[in-house]
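# Examining the three-dimensional arrangement
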Amino acid sequence: MITAIVFVKADVARIPEVAEGIAALEGVSEVYSVTGQIDLIALVRVRRHDEVAAVVADQLNKVPGVVGTETHIAFRAYSRHDLESAFSLGLD
């Protein structure tokens, strides 16, 4: 599995719509709104490198309101989090 982290600069008046449009793309597993120099971070998870190009260059960049992107390919994961347990309230 190839993971790409995509920093997205968006039209600030349209961030929620841009995020929803990106999240709806096949190959995009998560989209986060963030503070700082960028507006959104999208995680793209695909099987082959050429699929990263198909998702980012052919689709994500064309979502209305996307101003620019910067894509980073992950080489290795150093930790795997069980998000369900990380956010658990311990109310079992």
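Residues numbered from 1 in each chain as written. Predicted model: local features only at pLDDT ≥ 70, side-chain atom pairs only at ≥ 80, totals over all residues. Heavy atoms only, no water.

Named according to an unreviewed UniProt entry, the protein is Lrp/AsnC family transcriptional regulator originating from Nocardioides antri.

## Details of the sheet that holds strand 3 (residues 40–46)
Hydrogen bonds between backbone atoms are what pair the strands of a sheet, whose relative direction is either parallel or antiparallel. This is how it is decided: Two strands qualify as a pair provided DSSP detects at least 2 bridges between them. Think of it this way: any DSSP run of H or I at least four residues long counts as a helix, any run of E at least two long counts as a strand, and we number them from the N terminus. Lines fitted to C-alpha atoms define the axes, with helix axes restricted to the stretch in contact, and inter-axis angles between N-to-C directions lie between 0 and 180 degrees.
With respect to topology, four strands assemble into an open sheet ordered 2-3-1-4, the strand pairing being antiparallel. Since the sheet does not close on itself, it has two edges, and those belong to strand 2 (28–33) and strand 4 (66–73), each with one partner. This sheet shows a mean twist of 20 degrees between the axes of neighbouring strands, independent of strand direction. In terms of strand pairing, strand 1 (residues 2–10) meets strand 3 through seven bridges, oriented antiparallel. Residue pairing across strands places T3 opposite R45, the latter belonging to strand 3.

## So, the environment of I22
Threshold: Buried, partly exposed and exposed residues are distinguished by accessible area as a fraction of the type maximum, computed with a 1.4 Å probe on protein chains only: under 20%, between the cut-offs, and over 50%, respectively. Two residues form a contact once any of their heavy atoms are found within 4.5 Å.
Structurally, I22 can be placed in helix 1 (residues 15–23). Classification of I22 as buried rests on a relative accessible area of 0%. Expressed as a C-alpha distance, the spacing of I22 and V56, which sit 34 residues apart in the sequence, is 9.6 Å. Once residues lying within four places of it in the same chain are set aside, the contact partners of I22 are V8, V28, V31, L40, A42, L60, V63 and V66.

## Focus on the pairing of strand 3
If a strand is regular, its side chains alternate between the two faces of the sheet. Across the seven residues of strand 3, six count as buried, placing the element largely inside the fold. As defined by bridge partners, strand 2 adjoins strand 3 across five bridges and the pair is classed as antiparallel. Residue pairing in the sheet places V31 in a bridge with A42 of strand 3. Connecting strand 2 to the next strand, strand 3, in antiparallel fashion are six residues, including G36 with a positive phi near 110 degrees.

## Structural notes on the pattern of salt bridges
This is how it is decided: Should a side-chain nitrogen of Lys or Arg be within 4 Å of a carboxyl oxygen of Asp or Glu, the pair is scored as a salt bridge.
Counted under the stated rule, the structure contains four salt bridges. Across the pair K9 and D39 runs a salt bridge, and its minimum N-O distance is 3.8 Å. Placement of the pair is K9 in strand 1 and D39 in the loop between strand 2 and strand 3, with a sequence separation of 30 residues. Salt-bridge contacts for R48 lead to D50; the nearest nitrogen and oxygen are separated by 3.1 Å.

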